[in-house]
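# Observations on the three-dimensional arrangement
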Amino acid sequence: MTEFYLSKQDVEDLVIGAAILGTGGGGDPYIGKLMVLQELEKGRKIRVVGVDDVDDEAFVVPVAAMGTPVVLIEKIPSGKEALYSLKLLENYFKRKVDFISPIEAGGINSTIPLVIAAERSLPVIDADGMGRAFPELQMVTYHVYGIKASPMAISDERGNAAILDTVDNFWAEKIARVITVKFGGSAWIAIYPTFGKPYKEAAIRGSISLAIEIGRALRESKAHGENPIDALLDVTHGFMLFKGKIVDIQRFNIGGFARGEATIEGLDEHKGSKLVIRFQNENLVAIRDGEIMASVPDLITVLDSESGKPITTERLRYGLRVIVIGIPCNEKWRTPKGLETVGPKYFGYDIDYVPIEVRMRKGDQL
Amino acid sequence: MTKYKIGIDVGSTHTDAVILDENNIIHAEKTMTTPDVTTGIINALRVVLERSGINVDDVATVMFGTTHILNAIVQRRGLGKVGVIRVGLPATEAIEPMLDWPSDLRSTVNGGIAMIRGGHDYTGEPLADFDENSVKNALRTFVENKVNAIAVTSVWSVVNPEHELRIRELANELVPGLPVVLSHEISSIGLLERENATILNAATINVMINAVNALRTALINMGLGHAKMYFAQNDGTTASADYITKFPIFTVIAPVSNSIRGAYVLTGIKNAIVADTGGTTTNIGALVNGYPREALEVEIGGVRTNIRAPDIIAIGLAGGSIVEVRDGDVKVGPVSVGYRLIYEGIAWGGDTITATDIALAKDAMKIDDPKCNPELARSKIPSWLVERAYAKMVEMLEDALDRIKLRPEPETVILVGGGSAMWPKTLRGAREVIRPGHAQYANAIGAATALVGAVVEKAYSYEQVSRDKAIQDASEEARKRAIEAGADPSTIEVAEIEEIAMPYLPGNAVKIRIKAVGKLKL
């Protein structure tokens, strides 16, 4: 199935999946979910197409929200902000957009492109540029594969909009961040405009359907009285890293990022062990008894062991019973440029990246 | 002359009433809760007055911890139609008010929706020009729709409430007498959750007015017309009847707080974990500086809100929980025989093994009821099951106690509620386990002894206002609210100051939360 229309149930499943792929960050997908549901309630349709359905010459534009989660929950979007950005880029390129794409598979940005696709009756591509959530604009596979972030457009709900033409993708992040503050803490972008051919090479395929599949697997396994964690690991090809209770949380606010460290004491089969998770918005590194178990760009997600629901980093607290899982990231992140962009060293950890499945195999032999 | 206080607490099975003087519990009674709540309260009042034999002239106050509002929302009964105004266009249009409410509740409450241009940014600067004409048009439509109240929510009104305040002025001119609820007086950041709470508050004003009127009539009939009425609030404080008819949502889960406050009153311990064991559930909360620790989000009747409410873990384990052996595993709860314990429990000659029977057989508790025969429990339940079930119950409680903690250090645990006698004297993670006298009446005692309080939450940018000035401003507003709620101005003090930095927002943005409490103005 390369093409399908989103149902309300798909949307419910998708946001659960997106929260899991959000690895503790990416913002609360609740607002995004309601935005999509409102579009469906108006009778609009959202058509999701596969990457191979995109012509080489088609004009593809990813859209996203950026800014502070606390602003997004108070100043609810108009839903038109990203349309202004899209329009501005169309005027700039003198060409209509053919396909909308997500840049992120986790959190609120998993749903924003769906809203825009509905409003403009444009197909949305079942793909993204992260396969998870990351905090900065250049942290996408589009960047890794040489696509330029700019010309990019940035708008607010009033209709203020700007086109940025920057010397590189890091400057796009820096300047857009400043404008976002002036807009009131949230902004809406159309970014990494490109054509089908380079897009197909750079994009992470199947992100929307994967998020839906994750949500569905969790829902159905619970309904059938089966273990939701097993179902989750099955769908994501993930690994169960640890089961335990959070015994310590430390937080430091550095450079506008919410950094911190959670210590989890093992329960059941992990009794006697300790797992430390370091996070900066998203979970970045998991260390068990001094040994690294997983690191970015692989996904580390903390779930409530009772409900199976993912827990965002700001909600981690003492006493929670949790299950920590690790999911292999997309192969595109495992290239030298990919690791330079989002590897542990970029986040300030002096460790070498080893794919999670390799670490797990080593663990088995011990 | 003695001045008595009466406290009444409505639980899911029992309605409790206590009479206190300045320092002592004079009399306490348990009666059955009735579906309409009011009848049960009146019964409890009558019984406690008769059996205590006090002179009604000596009663100064009657304090109610009631479930009228929660029941009205959950059962969709007696709710008013609400005209909903949201100020924030061109923002906020992507999600309409009440979009994800249960549809039956939405159709009951929805008296029309108006989306208005205006609102602010987090800096307090206007988001867009305020569209007063559209407000006037909306008010006219609401009158045609015969709404019972108006709910107003403006973007970032917790930073700058001017547009909400202006709408109240306009409504008072154009539709005098119609209640207008402003979101910045209800809760904090999170537009949809605050708007939901504001709409629910508006929808329940009539429910509260009717309850207050019915209770006032009952008091007059019992010769208590002179007594002042107060209602327990979600945060463990209390407020006058006049105030609470404006803010009924503040009572929605008050009985849960009452038991935590009651635990403090009975022990004098300000910081502890409190477990309130009833017939069906055990509610576990934390006592911090004499008040319940609060949670950030509460779902009421299927609606997401951000009203401040006690942070509670509820487990389906209490006096009436059914004990079963399934696939070789011992299960306790969550199904309970509830008030039928005294018919169906083994010790009462019934044939359902309950948690109470296990505790009796284990000789962990005694029950002062001639119809209860612990020997039946001891002889009919095999001892291996008693041991395993009791160990399981204790483990479930200990796990829940641990989950409410924020630190690993052992803490004081206070056990209250009608079912609390079944617990052992030591618990894992507890420095000490205290079950005070009158533990079974902790909630009614909590209701009777609460101080009048009000909470204000506002956001400031420390680049625009100095920290001292911001705290002073919020404290002043909290003080005003406490006086409005019925506190004696000379006794008001700030009980809590909380500053919450808002991450990623430049300009040193913080949220300040002030709780002011004072004694009842008599």
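Residues numbered from 1 in each chain as written. Chains lettered and ligands numbered in written order. Predicted model: local features only at pLDDT ≥ 70, side-chain atom pairs only at ≥ 80, totals over all residues. Heavy atoms only, no water.

### Points about the overall build of chain B
- From N to C terminus, chain B includes 15 helices and 25 strands.
- Each principal axis of the C-alpha distribution contributes one length, and for chain B these read about 80 × 55 × 45 Å.
- Taking all 522 residues of chain B together, 59% fall into the buried category.
- Looking at chain B as shown, the accessible area adds up to about 20200 Å², and 48% of this sits on carbon and sulfur atoms.
- Averaged over its 53 positive side-chain charges, chain B has a centre that lies 2 Å from the centre of its 63 negative ones. (Helix = DSSP H or I, 4+ residues; strand = E, 2+ residues; numbered from the N terminus. Buried < 20%, exposed > 50% of the residue type's maximum accessible area, 1.4 Å probe, protein only. Areas by Shrake-Rupley, 256 points an atom, 1.4 Å probe, with all protein chains shown as cover. Lys, Arg positive; Asp, Glu negative; His and termini not counted. Charge placed at Lys NZ, Arg CZ, Asp CG, Glu CD.)

### Overview of the domain arrangement of chain B
- Segmenting chain B into domains produces domain 1 (79-204), domain 2 (268-439) and domain 3 (451-520).
- The C-alpha centroid of domain 3 of chain B is placed 37 Å from the C-alpha centroid of domain 2 of chain B. (Domains from an automatic or database assignment.)

### Here's the deal with the UniProt feature "domain: S-Me-THD N-terminal" (unreviewed entry) in chain A
- Per the UniProt annotation, the sites labelled "domain: S-Me-THD N-terminal" (unreviewed entry) are residues 9-165 of chain A.
- Measuring from the first to the last C-alpha atom of residues 9-165 of chain A gives 40 Å, for a span that is 36% helix and 17% strand. (UniProt positions renumbered as here; feature names shortened; annotations may be inferred.)

### Describing the UniProt feature "domain: Hydantoinase A/oxoprolinase" (unreviewed entry) in chain B
- Following the UniProt record, the feature "domain: Hydantoinase A/oxoprolinase" (unreviewed entry) maps to residues 194-380 of chain B here.
- Structurally, residues 194-380 of chain B is divided into 34% helix and 27% strand, and its ends, taken at the C-alpha atoms, are 54 Å apart.

### Here's the deal with the side chain of E294(B)
Residue and element names in this part refer to chain B.
- Along the chain, E294 falls in strand 14 (residues 294-295).
- Judged by relative accessible area, E294 falls into the buried class, the value being 15%.
- In terms of polar contacts, E294 uses its side chain to reach the side chain of R513, at 2.5 Å.
- If we ignore the near neighbours within four places in the chain, the residues touching E294 are D235, R308, A309, P310, D311, R513 and K515. (Polar contact = N/O pair within 3.5 Å; in protein donor to acceptor, adjacent residues only side chain to side chain. Contact = heavy atoms within 4.5 Å.)

### A look at the sheet that holds strand 5 (residues 82-89) of chain B
Residue and element names in this part refer to chain B.
- Taking strand neighbours across the sheet as the criterion, the 4 strands line up as 6-5-7-8 in an open arrangement whose pairing is parallel. The open sheet has two edge strands with one neighbour each: strand 6 (110-117) and strand 8 (180-182). Between one strand and the next, the sheet's axes are offset by a mean angle of 20°, whatever the strand orientation.
- Across 6 bridges, the pairing between strand 5 and strand 6 is parallel. Across the sheet, I85 pairs through a bridge with A114, a residue of strand 6.
- This element, helix 6 (residues 191-203), spans strand 5, strand 7 (149-154) and strand 8 of the sheet and lies at about 165° to strand 7. (Pairing = 2+ DSSP bridges. Axes fitted to C-alpha atoms, helices over the stretch in contact; angles between N-to-C directions.)

### Some words on the pattern of salt bridges
- Following the criterion strictly, the structure yields 58 salt bridges over all chains and no others.
- Among the ionic pairs, E93(B) bridges to K80(A), the shortest N-O distance being 3.9 Å. Pair noted here: E93(B) is in the loop between strand 5 and helix 3 (103-109) and K80(A) is in the loop between helix 3 (69-74) and helix 4 (81-93), and the two residues belong to different chains.
- Of the residues examined, E93(B) reaches a relative accessible area of 35% and is grouped as partly exposed.
- With a relative accessible area of 32%, K80(A) lands in the partly exposed category.
- A salt bridge links D311(B) to R293(B), with the nearest nitrogen and oxygen atoms 3.1 Å apart. One end of the pair, D311(B), is in the loop between strand 17 (309-310) and strand 18 (313-315); the other, R293(B), is in the loop between strand 13 (291-292) and strand 14, and 18 residues separate them in sequence. Neither residue differs from the other here; D311(B) and R293(B) are each classed as buried.
- Within the structure, one salt-bridge network assembled from shared partners comprises E294(B), R308(B), E457(B), E496(B), E498(B), K511(B) and R513(B). (Salt bridge = Lys/Arg side-chain N within 4 Å of Asp/Glu carboxyl O.)

### Considerations on a nonpolar patch on the surface
All names here are of chain B.
- A surface patch of nonpolar side chains, amounting to about 450 Å² of accessible area, comprises M32, Y339, I342 and Y343.
- Relative to the helices and strands, I342 resides in helix 10 (residues 341-344).
- Given the relative accessible area of 41%, I342 is considered partly exposed. (Patch = residues over 30% accessible without salt bridge, like charges linked within 9 Å, V, L, I, M, F, W, Y side chains within 5 Å.)

### A word on the confidence of the model for chain B
- Looking at chain B, the pLDDT average stands at 92 and 99% of residues meet or exceed 70.
- Our summary of model confidence lists the complex with pTM equal to 0.91 and ipTM equal to 0.90. (pLDDT = per-residue confidence, 0-100.)

### Considerations on the pairing of strand 5 of chain B
Residue and element names in this part refer to chain B.
- The element strand 5 is extensively covered by neighbouring structure, given that 8 of its 8 residues are classed as buried.
- For the segment spanning strand 5, helix 3 and strand 6, crossover handedness is right-handed.
- Pairing of strand 5 with strand 7, which is carried by 6 bridges, proceeds in the parallel orientation. Among the inter-strand pairings, V82 is bridged to a residue of strand 7, identified as A149. (Right-handed = clockwise from strand over helix to strand, strands pointing away.)

### Some remarks on the domain arrangement of chain A
Residue and element names in this part refer to chain A.
- Its domain assignment divides chain A into domain 1 (4-207) and domain 2 (226-364).
- Once you take the C-alpha centre of each, domain 1 and domain 2 turn out to be 26 Å apart.
- Contacts between the two partners involve 29 residues from domain 1 and, on the opposite side, 29 residues from domain 2.
- Across the contact surface, domain 1 and domain 2 share 0 salt bridges.
- Looking at the side of domain 1 that touches domain 2, the elements with two or more residues in it are helix 1 (8-21), helix 6 (141-144) and helix 8 (196-202).
- Of the residues forming the side of domain 1 that touches domain 2, the biggest block, 4 residues, is contributed by helix 1.
- Tallied by class, residues from the side of domain 1 that touches domain 2 come to 16 nonpolar, 10 polar and 3 charged. (Nonpolar A, V, L, I, M, F, W, Y, C, P; charged D, E, K, R; others polar.)

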